[in-house]
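# Tertiary structure, described
Spelled out from the first residue to the last, the chains are:
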Amino acid sequence: MISRCYLEITNVCNLDCVFCPKTRRAARTITPHEFDVITDSLRGEIKFLYFHLMGEPTLHPHLAEFVAQARSKGFVPVLTTNGTLLAGADALAQSGLHKAQISLHSHEGNNRHCAQGYIAGVMHFAQIAAQNGTIVVLRLWNRGGNDSANDEILHLLEQHAPQPWTERRDGWKLAENIYLEYDSKFDWPDEEAPEYESQDMFCYALRNQIGVLADGSVVPCCLDHDGAMTLGNLFSQPLSEILATPRAQAIYHGFTRHQATEPLCRHCGYAAITKQFRKQ
């Protein structure tokens, strides 16, 4: 069984974050029927179903239903969101999410000036979700990047989750089931950038993660934002057949030998420096 699948239920986003590579693919949002087909194809093959690859999943009007449906099919559902649409999303907070990962660094990345309202909406959702057993991780993944608003965000968080907080290795526990996590600025692989010189490349792509784009295309990992390494399509092929294709097998066995067979992988710092691979 593959540990996780990053399922892109829409590749449309309501923000224009400076750290996001965007996608050149046509805008697409999956239908409830397509979600049913994809999850039936993945059932028994995947443990964690991540609602995200590109796009903002909370734009999808059926997201809460999709989460509940994923639970009923045996998946462990995880949401990654920029958090801008969480105010009033009580149904989503009670839908059965295992974890909700909220990228607070997206706020400053869009030069927004209403941080108070943004954090209020995020924390309203977080508190309801946490009460329903969801692990909520508030992310500030902007060390070394655009982090000038972090102090203001911390002050606003404290208004909703008063101190004292419990210090952790990578951040703080603010309240039961609510955590704040720090990390460095996230860099996506870019084929136009120089290749990494490392001769020791490794990735967990196709070992414990895959991605599924909004058109049903299967890609090896969560960083293939443009479908550069499309291996097949779940609307026409079973996952087992896709993973057995020569290209998929070359990627898998290449990393077994600590070699990257795909150009995009040779431009990926997470394959060159495996210990930093953490888009979870």
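Provided above is the structure to which this section pertains.
Report on the accompanying structure. (Residues numbered from 1 in each chain as written. Predicted model: local features only at pLDDT ≥ 70, side-chain atom pairs only at ≥ 80, totals over all residues. Heavy atoms only, no water.)

### Comments concerning the packing of aromatic side chains
Put simply, the test is: We call Phe, Tyr and Trp rings a pair once their centres come within 6.5 Å, taking the six-membered ring for Trp, and we label the pair stacked below 30 degrees between planes, edge-to-face above 60, and tilted otherwise. We count a stretch as a helix when DSSP gives it H or I for four or more residues in a row; a strand needs E for two or more, and each element gets its number in order from the N terminus. Burial classes: relative accessible area under 20% of the type maximum marks a residue as buried, over 50% as exposed, and values in between as partly exposed (1.4 Å probe, protein chains only).
Scanning the entire structure with this criterion turns up six aromatic pairs. An angle of 20° between the planes, with centres 6.0 Å apart, marks the rings of Phe35 and Phe51 as stacked. Residue Phe35 is located in helix α1 (residues 32-42), and its partner Phe51 is located in strand β2 (residues 46-51); the two are separated by 16 residues in the primary sequence. Take Phe35 and Phe51: they sit in the same class, and that class is buried.

### Details of empty space enclosed by the protein
Note the cut-off: Here a cavity is any set of points on a 1 Å grid over the protein atoms alone where a 1.4 Å probe fits but cannot get out, and a pocket is any open set with protein on both sides within 12 Å along at least 5 of 7 lines; a residue lines the site when it has an atom within 4 Å of a point. Grid points are joined across faces, edges and corners, and a volume is the space filled by probe spheres set on the points. In the scheme used here, Gly and all other residues not listed as nonpolar or charged are polar, with Ala, Val, Leu, Ile, Met, Phe, Trp, Tyr, Cys and Pro taken as nonpolar and Asp, Glu, Lys and Arg as charged.
Counted under the stated rule, the structure contains one cavity of 30 Å³ or more. If you add up the space inside the largest cavity, you get close to 100 Å³. Along its surface, the largest cavity is lined by 15 residues, and Cys203, Cys221, Met229, Cys265 and Cys268 are the ones closest to its centre. Of all the elements in the fold, those that place two or more residues in the lining of the largest cavity are α8 (246-256), α9 (263-266) and α10 (269-272). When grouped by side-chain class, the residues that make up the lining of the largest cavity number 15 nonpolar, no polar and no charged.

### Focus: the packing of α1 against helix α2 (residues 63-72)
Basically, it comes down to this: A fitted line through C-alpha atoms serves as each axis, taken over the contacting stretch for helices, and the angle formed by two N-to-C directions is quoted from 0 to 180°. These descriptions rest on fixed angle ranges, namely under 35 degrees for roughly parallel, over 145 for roughly antiparallel, 65 to 115 for roughly perpendicular, and the rest for oblique. Throughout, a crossing is termed right-handed when the near helix is turned clockwise from the far one, and left-handed when it is turned anticlockwise from it by less than a right angle. Two residues qualify as a contact provided that any one of their heavy atoms is within 4.5 Å of a heavy atom in the partner residue.
Between α1 and α2, whose axes approach to 11 Å, the crossing angle comes to 25°. With respect to their mutual orientation, α1 and α2 come out roughly parallel. Relative to α2, α1 is oriented so that their crossing is right-handed. Where α1 abuts α2, its residues Pro32, Phe35, Asp36 and Thr39 lie against Phe66, Gln69 and Ala70.

### Here we look at a nonpolar patch on the surface
Selection criterion: Patch criteria: residues need more than 30% relative accessible area and no salt bridge. Like-charged residues are merged within 9 Å; nonpolar side chains of Val, Leu, Ile, Met, Phe, Trp and Tyr are merged within 5 Å. Only the protein chains shown count as cover for residues, with accessible areas throughout obtained via the Shrake-Rupley method and a probe of 1.4 Å. Whenever a carboxyl oxygen of Asp or Glu lies within 4 Å of a side-chain nitrogen of Lys or Arg, that contact is scored as a salt bridge.
On the surface, a nonpolar cluster with roughly 200 Å² of combined accessible area is contributed by Val12, Leu59 and Leu85. Take Leu59: it is sitting in the loop between β2 and α2. Overall, the relative accessible area of 36% leaves Leu59 in the partly exposed class.

### A word on helix α6 (residues 150-160)
Stated formally: To be clear, the arc concerns the directions from the helix axis to the C-beta atoms.
Listed in full, the buried residues belonging to α6 are Asn150, Ile153, Leu154, Leu156 and Leu157. The arc that holds every buried residue of α6, seen down its axis, measures 165°, which confines them to one face. Next to the buried residues of α6 lie α5 (115-131), β5 (135-143), β7 (171-175) and β8 (178-184).

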